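Each chain, written out:
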Amino acid sequence: MTFALGPVPLLPEPAAAAGQATTASAQALVDMVHLAPMMIVGIWSLIVLVADAFARPGLRRFQQTLTLLGLGLAVLAAVGQFGHYEYDGGIEVFSGFLYVDQFALLVDLGILGVAGAVVLFAGDYNRSHRFEYGEHESLVLIATFGVMILAHAGDLVALFLGIETMSIAVYVMVGARWNSRQSPEAALKYFVMGAFSSGLLLMGIALVYGATGVTGLDQLSHEVSTVFTKWRAAQDYVAVVEAPEGFPAGMVDMAQDKVALGIAPAALLIPGVLLVLGALLFKVSAVPFHMWTPDAYEGAPSPTTAFMAAGVKIGAFAALLKLFVGTFIVGSLVQAPYGWTSVVLWLAAATMIVGNLAAVRQTNVKRLLAYSSVAHVGYLLVGVVAAASFYGDRPAKGYLPTADEHAWASNAGDTAVASILYYLLAYAVATLGAFACVSWLGRDKKEASAAHEWSGLAQRHPGIALGMTVCLLSLMGMPPMGGFFGKLFVFRSAFEHGSEALRIVVVIAVVNSVIGAVYYLRLIVSMYFRPPLERDLGHVEGRGAPVVLAAAAALSVLIGIGADAMMQRCRLASAGFRIPPSEARAERVDELRAQWEQREAEADRKAAQEEGQQPGQKAGQQPGQQPDEKAQVEVPAAAAPSAEGGTPPAEAEALDDGG
Amino acid sequence: MVPITHFLYLASTLFVIGLLGVMLRRNVLIVLMSVELMLNGANIALVAFSRFHGNLDGQVLAMFTIAVAAAEAAVGLAIVVSIFRSRTGSDIDDLSLLRD
Amino acid sequence: MAESYLPALMFVVFALGFAAVMLGLTMILGPKRATAIKDEPFECGSEPIGSPRVKFSVKFYQVAILFLVFDIEVAFLYPWASLFRELSCSVPLDAAGVCTGEASLFGLVEMLIFLAILVVGLAYIWRKKALDWA
């Protein structure tokens, strides 16, 4: 495994080294060009750090602009790559240490958007609360870099490093507000829990490595199934070991060896997988590992809370999907009695119940949103279980599924992963808007985050209240907002799976969504129908937060209205999710594109018939034949504006409009 | 040659000591040390497995872990220092500004 | 197998022996005149004031933390150094460990990039006056 992460001047053309015998350095450069968005973010974090150290005081604006420039470049690179035919099958870079595939690129776009939004409103917030510090932008970039490593991870080592890079930067951001006693306390709580979960994660990885002898994800998915094959093969010898009478001594010895060798890997693998699962559940803050969440969210500066609620969740779910939906997909690991899905399913139910019931009791908006984010994790985990069940279920004994049934199951699994991605992006957008609003209210070291301080907000600041309402409605799951379609897609996927337990949990989830409406609506009602406070609490100077809030509200609606187009993007990202980067995955994507072409051609024909015209010419285009063509998957024209992946380009536009 | 089980006994002992330390001890510095014990227990397991399987992947991860643990300890200590500049003890139960 | 550790054993024996001999010689040859002043904890002429267990300035923490990070990062130099011959050859080494192909700067440049990142960190803490004692 060779790799070099760092600021190497990028080759202008990826093709420069093609054709020649690839030397190690040429290969490394080509790999870095494939990883352009990540590399730009990494280099930019260093540039911004140096700029902070060497800039004269009073250049904070410049630093913010510089950071946004870097993020913009990274977004451009990612937009150019996402959907490009070159990445259909996924590309392994740095000898399989990282993958570049559509999934990773979509997550990249999402996290870059989150980072851009946080950078936009954090500066104003920090200035207004008098703890401006120049490292903030750099830390955001480093955490973004960590999330991107997670999205691209092709190896357990990369996964561990990604989680740590992300977490360490966020610990610092949480504790950075030195003029508040709550901020370092929140940082310490978050740090202790985070470090503890890193320990669990590492031990889990060590055990998985011990059981299989590999760390690469695609070898791992293969080795994991051999572990269970060996285990089953050893079962025959167990009888000999248990009742050695009547067998020759030599055979008993041999049987003991066989049993030991066959059972040992499984005995390492199952605890290892559970430890890794526990660590990741910590990171996504699922019950019973959620206790740190409200404290850390409340004590952290609001822009950092926004990053934790949106960015860290995206990263942790990317890791969870990669590992548990993409890699450990063996019937024995997914299903009872040794599988994790049944446990996680009930944890998901507990997570949403606990999150929602605790949120109802909250009088602090930040804590309320923290518990609501816990509840959302519960809904998302239902989707994760559904996806894993589609991929990993074994047929009942004696039943041989047909090729069609196999294809159906893997398609359904891909759709479930796409639903999770859609939900994550819709949730991230809405929660960013909500926290932008929280950060905007209050000034001079005093945040206005108590719920009663929000009463009558609509009379003082109608625009802000409207934006916040849209974001809250999206979080609540009101059509036509993105949050509604996210819930719809995830629950539909879960319901499609035949298992009774999943269906019961879906019903619980729907009931929970209704409970959730209580506290979201209560806040909205108090904003609109209560008299405003006597004294003005003031707000943060600067346009950042209102712009982000407006963009988030607009995007929430757009994601909802353009749900089809957005879902198509997510389907593209998740096509062949379980298949490691290869030709086979590229074929899956091609199939998907062919289906879309066909459907669109039919739609065109129908429309043309209705208008009494000839069938349109669009159907003539063939995918895959023009490798240089940019990845614009054809989308209905009406939905096209919302189809930018739910991320920065649209926000950048909104910035121009708002500014 | 020392069999791998011995390494695993050591690794799991260290890991469990660290685990219990994080869960039971209330002094922040001891909690930090316990986290280090957990990471290093895992490290020993990684290196032992690496030798057992005859490939270097585990050792590579162990190297990274050492660096990550140092960075984590540095950040953790910095947070502790920033909290206890204004306080006297380092007891984790004294932190009660944030609660329901 | 065991013989290959012989040089290490010899080194340990020599190091321990050398230290023991030097300590023994000073004990035998050196003059011993114990006085009240010499028995004080600090033999610097000034009288000890207060308990040695005082709170240290937070500056010590800061320097210790910085040292910790930079010290550990150097650990990556060891695997790099032990692989440097392989990394600086464009083809795999032959059985005798000789490079048959062209020399390559790959390994060197990689480490320079790594060190450059460390230097960025150093420049940062330097400019932020984290290394100042005053």
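Residues numbered from 1 in each chain as written. Chains lettered and ligands numbered in written order. Predicted model: local features only at pLDDT ≥ 70, side-chain atom pairs only at ≥ 80, totals over all residues.

Student: It is not clear to me how the overall build of chain B should be interpreted in this structure. Could you clarify?
Tutor: Tallying secondary structure elements over chain B gives three helices and zero strands in all. Beginning at the N terminus, the succession of helices and strands in chain B can be written as α-α-α. When the 100 residues of chain B are sorted by exposure, 42% land in the buried category. (Helix = DSSP H or I, 4+ residues; strand = E, 2+ residues; numbered from the N terminus. Buried ≥ 20, exposed ≤ 12 C-beta atoms within 10 Å, placed from the backbone.)

Student: Help me out: how do you make sense of the interface of chain B and chain A in this one?
Tutor: By a frequent convention, interface size equals the accessible area lost on bringing the separate parts together. On the chain A side, the residues contacting the 33 residues of chain B number 36 residues. For the side of chain B that touches chain A, the secondary-structure elements that each account for two or more residues are α1 (4–24), α2 (28–53) and α3 (57–84) of chain B. Ranked by residues supplied to the side of chain B that touches chain A, first place goes to α3(B) with 15 residues. Across the side of chain B that touches chain A, the residue classes tally to 23 nonpolar, eight polar and two charged. (Contact = placed C-beta atoms within 7 Å. Nonpolar A, V, L, I, M, F, W, Y, C, P; charged D, E, K, R; others polar.)

Student: Can you walk me through unusual backbone geometry in this structure?
Tutor: Glycine aside, residues mostly have negative phi, and peptide bonds are mostly found in the trans state. All names here are of chain A. The omega torsion of the bond from Val287 to Pro288 falls at 5°, within 30 degrees of zero and hence cis. Mapped onto the fold, Pro288 is located in the loop between α9 (249–284) and α10 (292–299). Cis rather than trans, the peptide bond between Pro479 and Pro480 has omega equal to 5°. When you line up the elements, Pro480 lands in the loop between α17 (462–476) and α18 (482–496). One non-glycine residue, Phe94, lies in positive phi territory at about 50°. With respect to the helices, strands and loops of the structure, Phe94 is situated in the loop between β1 (91–93) and β2 (98–100). If you check the backbone angles, Arg130 has positive phi at about 60° while not being a glycine. Structurally, Arg130 can be placed in the loop between α4 (102–128) and α5 (136–152).

Student: Looking at this structure, I do not really get helix α22 (residues 583–610) of chain A. What am I missing?
Tutor: An α-helical turn contains 3.6 residues, so a residue and the one three or four places further along point in the same direction. For α22(A), which comprises 28 residues, the first-to-last C-alpha distance of 40 Å matches the rise-based estimate of 40 Å (1.5 Å per residue) to within 8%. Close packing links the buried residues of α22(A) with α21 (563–574) of chain A. (Expected span 1.5 Å × (residues − 1).)

Student: Sorry, what's going on with the interface of chain B and chain C here?
Tutor: Listed as interface residues are 11 residues of chain B and, on the opposing side, 10 residues of chain C. Its residues assigned to classes, the side of chain B that touches chain C shows 10 nonpolar, no polar and one charged.

Student: What am I meant to see in the packing of α1(B) against α2(B) here?
Tutor: Any two packed helices are characterised by how steeply their axes cross, that is the angle between the axes, and by the distance between the axes. Residues and elements named next belong to chain B. The N-to-C vectors of α1 and α2 enclose an angle of 160°; their axes lie 7 Å apart at closest approach. Here α1 is positioned roughly antiparallel relative to α2, judged by the angle of their axes. For the pair α1 and α2, the sense of crossing is left-handed. (Axes fitted to C-alpha atoms, helices over the stretch in contact; angles between N-to-C directions. Parallel < 35°, antiparallel > 145°, perpendicular 65-115°, else oblique. Left-handed = near helix turned anticlockwise from the far one by under 90°.)

Student: Got a minute to help me understand the environment of A:Gly442 in this structure?
Tutor: All names here are of chain A. Take Gly442: it is sitting in strand β3 (residues 442–443). Separated by 139 residues in the primary sequence, Gly442 and Pro303 have C-alpha atoms spaced 13 Å apart. Leave out the neighbours within four places in its chain, and Gly442 touches Glu447, Ala448, Leu537 and Gly538.

Student: I would appreciate a short explanation of the environment of A:His406 in the present structure.
Tutor: Residues and elements named next belong to chain A. The topology assignment puts His406 in helix α15 (residues 403–440). What makes His406 exposed here is the crowd of 11 C-beta atoms within 10 Å. Counting along the chain gives 179 residues from His406 to Val227, while the straight-line C-alpha distance between them is 23 Å.

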